[in-house]
Amino acid sequence: MNDDTSMSRRKAVGSAGLGLAVAAASASAQAQPRDAAQPMTDPTTRYPKPPFQKQSQPWPGLASRMEPRPDHGETSYRGSGRLAGRKALITGGDSGMGRAAIAYAREGADVAINYLPSEEADAGEVIALIKAEGRLGLALPGDLQHEGFCNRLIADAARGLGGLDILVSNAARQQTRASILDVSTEDFDATMKTNIYAPFWLIKAALAHLKPGAAIIATTSEQAYDPSAELYDYAQTKAATMNFVKSLAKQLGPKGIRVNGVAPGPIWTPLQVSGGATMEKLEKFGGTTPMGRPGQPAELASIYVQLAASDASYATGQIYGAGGGSGQP
Ligand code: NAD
Ligand code: MG
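Reading guide: rules and limits
- Residues numbered from 1 in each chain as written.
- Chains lettered and ligands numbered in written order.
- Predicted model: local features only at pLDDT ≥ 70, side-chain atom pairs only at ≥ 80, totals over all residues.
- Heavy atoms only, no water.
- Helix = DSSP H or I, 4+ residues; strand = E, 2+ residues; numbered from the N terminus.
- Core = buried A, V, L, I, M, F, W, Y, C linked by side-chain atoms within 4.5 Å.
- Buried < 20%, exposed > 50% of the residue type's maximum accessible area, 1.4 Å probe, protein only.
- Near = heavy atom within 4 Å.
- Polar contact = N/O pair within 3.5 Å; in protein donor to acceptor, adjacent residues only side chain to side chain.
- Areas by Shrake-Rupley, 256 points an atom, 1.4 Å probe, with all protein chains shown as cover.
- Nonpolar A, V, L, I, M, F, W, Y, C, P; charged D, E, K, R; others polar.
- Donors = N, O, S within 2.8 Å, 3.2 Å for Na, K, Ca; no water.
- Pairing = 2+ DSSP bridges.
- Right-handed = clockwise from strand over helix to strand, strands pointing away.
- Phe/Tyr/Trp six-rings, centres within 6.5 Å; stacked < 30°, edge-to-face > 60°.
- Salt bridge = Lys/Arg side-chain N within 4 Å of Asp/Glu carboxyl O.
- Contact = heavy atoms within 4.5 Å.
- pLDDT = per-residue confidence, 0-100.
- Lys, Arg positive; Asp, Glu negative; His and termini not counted.

Enquirer: What is the right way to read unusual backbone geometry from this model?
Expert: A negative phi angle is the norm for most residues apart from glycine, just as the trans form is the norm for most peptide bonds. Of note, the bond from proline 50 into proline 51 is cis; its omega dihedral lies within 30 degrees of zero at 10 degrees. The omega torsion across tryptophan 59 and proline 60 is 5 degrees, close enough to zero to call that bond cis. Relative to the helices and strands, proline 60 is located in the loop between helix H2 (16-30) and strand E1 (87-91).

Enquirer: Which parts of the structure should I look at to understand the nonpolar core?
Expert: Generally speaking, a soluble globular protein has its nonpolar side chains buried in company with each other. Core analysis: the biggest nonpolar cluster contains 34 residues, and Leu89 and Ile154 have the highest contact counts within it. The next biggest cluster of nonpolar side chains, apart from the first, holds 33 residues, and it includes Ile90, Val126, Ala139 and Tyr304.

Enquirer: Help me understand the site of ligand 1, please; the structure alone is not making it clear to me.
Expert: The environment of ligand 1 is made up of 32 residues, and the closest members are Ser95, Glu119, Asn170, Tyr234 and Thr269. Here an oxygen atom of ligand 1 and a side-chain polar atom of glutamate 119 are 2.5 Å apart. The side chain of tyrosine 234 places a nitrogen or oxygen atom 2.4 Å from an oxygen atom of ligand 1. Coverage of ligand 1 by the protein amounts to 98% of the 810 Å² it exposes when considered alone. When residues of the shell around ligand 1 are traced back to their parent elements, those giving at least two are helix H7 (232-252) and helix H8 (270-276). Looking at the shell around ligand 1 element by element, the count peaks at three residues for H8. Considered class by class, the residues forming the shell around ligand 1 number 14 nonpolar, 14 polar and four charged.

Enquirer: Could you clarify how one ought to interpret the coordination of the magnesium ion (ligand 2) in this entry?
Expert: Six octahedral donors at a metal ideally form angles of 90 or 180 degrees, and four tetrahedral donors ideally form angles of 109.5 degrees. For the magnesium ion (ligand 2), every protein donor is listed as Asp94 (OD), Ser95 (OG) and Glu119 (OE), and the spread of their distances is 2.1 to 2.2 Å. The exposure class of glutamate 119 is buried, given its relative accessible area of 7%.

Enquirer: Looking at this model, I keep getting lost on the pairing of strand E2 (residues 110-114). Mind explaining?
Expert: Residues in a regular strand project their side chains so that they alternate between the two faces of the sheet. Across the five residues of E2, five count as buried, placing the element largely inside the fold. Side chains Asp110, Ala112 and Asn114 of E2 all project onto a buried face; the interleaved residues Val111 and Ile113 project onto the opposite face, where all are buried too. Across five bridges, the pairing between E1 and E2 is parallel. The residue of E2 that forms the bridge with isoleucine 90 is isoleucine 113. Handedness of the crossover joining E1 and E2 through helix H3 (residues 100-106) is recorded here as right-handed. As paired elements, E2 and strand E3 (residues 137-139) share three bridges and run parallel to each other. Bridging from a neighbouring strand, isoleucine 113 pairs with alanine 139 of E3. Note that the unit made of E2, helix H4 (residues 120-132) and E3 has a crossover that is right-handed.

Enquirer: Would you mind going over the packing of aromatic side chains with me for this structure?
Expert: Two aromatic rings are characterised by how far apart their centres lie and by the angle between their planes. In this structure the tally under the stated criterion is four aromatic pairs. Aromatic pair phenylalanine 52 and tryptophan 268: ring centres 4.3 Å apart, planes at 25 degrees, arrangement stacked. One end of the pair, phenylalanine 52, is in the loop between H2 and E1; the other, tryptophan 268, is in the loop between strand E6 (258-264) and H8, with 216 residues separating them in the sequence. This pair shows no difference in class: phenylalanine 52 is buried, exactly as tryptophan 268 is. With a centroid separation of 5.3 Å and 55 degrees between ring planes, the pair formed by tyrosine 197 and tryptophan 201 is classed as tilted.

Enquirer: Even after reading the chapter, I still don't get the pattern of salt bridges, so can you show me in this structure?
Expert: Close approach of charged atoms allows side chains of opposite charge to pair. Applying the stated criterion to the full structure yields 15 salt bridges. The partner of glutamate 230 in a salt bridge is lysine 281, and the shortest N-O contact between them spans 3.2 Å. Taken together, the residues span a long stretch of sequence, with glutamate 230 in the loop between strand E5 (215-219) and H7 and lysine 281 in helix H9 (residues 279-283) at a distance of 51 residues. With a relative accessible area of 28%, lysine 281 lands in the partly exposed category. In this structure, glutamate 299 engages arginine 293 in a salt bridge whose closest nitrogen and oxygen atoms are separated by 2.7 Å. On the accessibility criterion, glutamate 299 (28% relative accessible area) is partly exposed. Connected through salt bridges with shared partners, the residues Arg69, Glu74, Arg99, Asp122 and Glu125 form a single ionic network.

Enquirer: Sorry if this is basic, but what is going on with helix H10 (residues 301-308) here?
Expert: Residues separated by three or four positions in an α-helix point in the same direction, a consequence of the helix having 3.6 residues per turn. For H10, the buried fraction is high: six of the eight residues fall into the buried class. Residues of H10 that are buried: Ala301, Ile303, Tyr304, Val305, Leu307 and Ala308. Turning to H10, the residues buried within the fold contact H3, strand E4 (166-169), E5, E6 and strand E7 (319-322).

Enquirer: Explain the confidence of the model for the protein here, please?
Expert: Detailed reading of the predicted coordinates is not advisable wherever pLDDT is low. Put simply, the protein has an average pLDDT of 93, and 91% of its residues get 70 or more. In the model, residues 1-16 has pLDDT below 50 throughout and makes 20 contacts with residues more than four positions away in sequence or in other chains.

Enquirer: Before we go on, may I ask you to explain the side chain of lysine 87 in this structure?
Expert: Mapped onto the elements, lysine 87 comes out in strand E1. One buried charged residue, lysine 87, forms no salt bridge at all, with the nearest opposite charge on aspartate 110 at 4.1 Å. Only 3.2 Å separates the side chain of lysine 87 from the backbone oxygen of leucine 161, close enough to count as a polar contact. With near-sequence residues (within four places) excluded, lysine 87 lies in contact with Asp110, Leu161, Gly162, Gly163, Leu164, Asp165 and Ile166.

Given below as structure tokens:
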């Protein structure tokens, strides 16, 4: 589906308020002059702390139905041209960390986002915010568990954007299971397909388009370094992600393509409320970090920008942590 189709569908369902909300979010992010002094904020009290209310959604969940709603920088992220003219594809760009798509657009990039068809409502909000910046926003829904779709996604993104400079391989599946005995073969397969095969297929296809100066960014996790008992299958995919970042950085460094990863700690996203965490973990989510709270996607957006920006030209093979003071790296 292209962005025009998704826009007309949104209009058809009568989301008249969305346009106003987008205009307000964009205007509020730009209201202050760039050099205006920013108030000092205490990071420990900046965002909600546990206990959180019980909540659960069917996988993959929607940010718009979370309580409290996550902050992706809609009203706060201010760009300074760091990605001007770049063309980026972000998987899982509808919600969570992938909503760094908003920051990318405010930094001057045209952005395609991939997500599952059931996430159209979240994706529509992101596309509208990208367009509010005067940037190209492409909505490319589809299931990454299929090689054919991954190939089509890269081709459609490159054609729609007029090239591809940045690939953010961020989508993932996480389902908590108390015991390895509860992980079915179908479960295991879906996690491996989404978290390990899809990046493999996407990166292979993207290489036909990526030129010297291009950047690949993968989202790994603190789980790569200190896996939780109940995330047996997911955690090993994040170790694989951390590992392929370092392998590919060596392989692609001589070609001028940088490959880096982001390793978040506990971040308030739909993945956690749609089977990614037990209810008990969710109620206390992020409480054991030195910050005493989970991170919000907005607090990681600048990391994704930094790793894509050309002034980070010596950063490759690196994993940037965002764990609120605990966890690795
Ligand atoms: P999220 O639910 O907002 O994003 C995950 C996205 O993956 C979904 O929006 C969905 O669009 C996409 N996705 C899943 N399966 C897919 C499929 N088969 N086809 C296409 N798209 C699919 O949650 P998030 O926490 O922002 O997750 C983003 C990344 O962050 C993931 O790689 C996750 O492993 C990682 N991560 C999250 C946390 C956390 O605490 N939230 C911590 C460490 C790492
Ligand atoms: Mg989502």
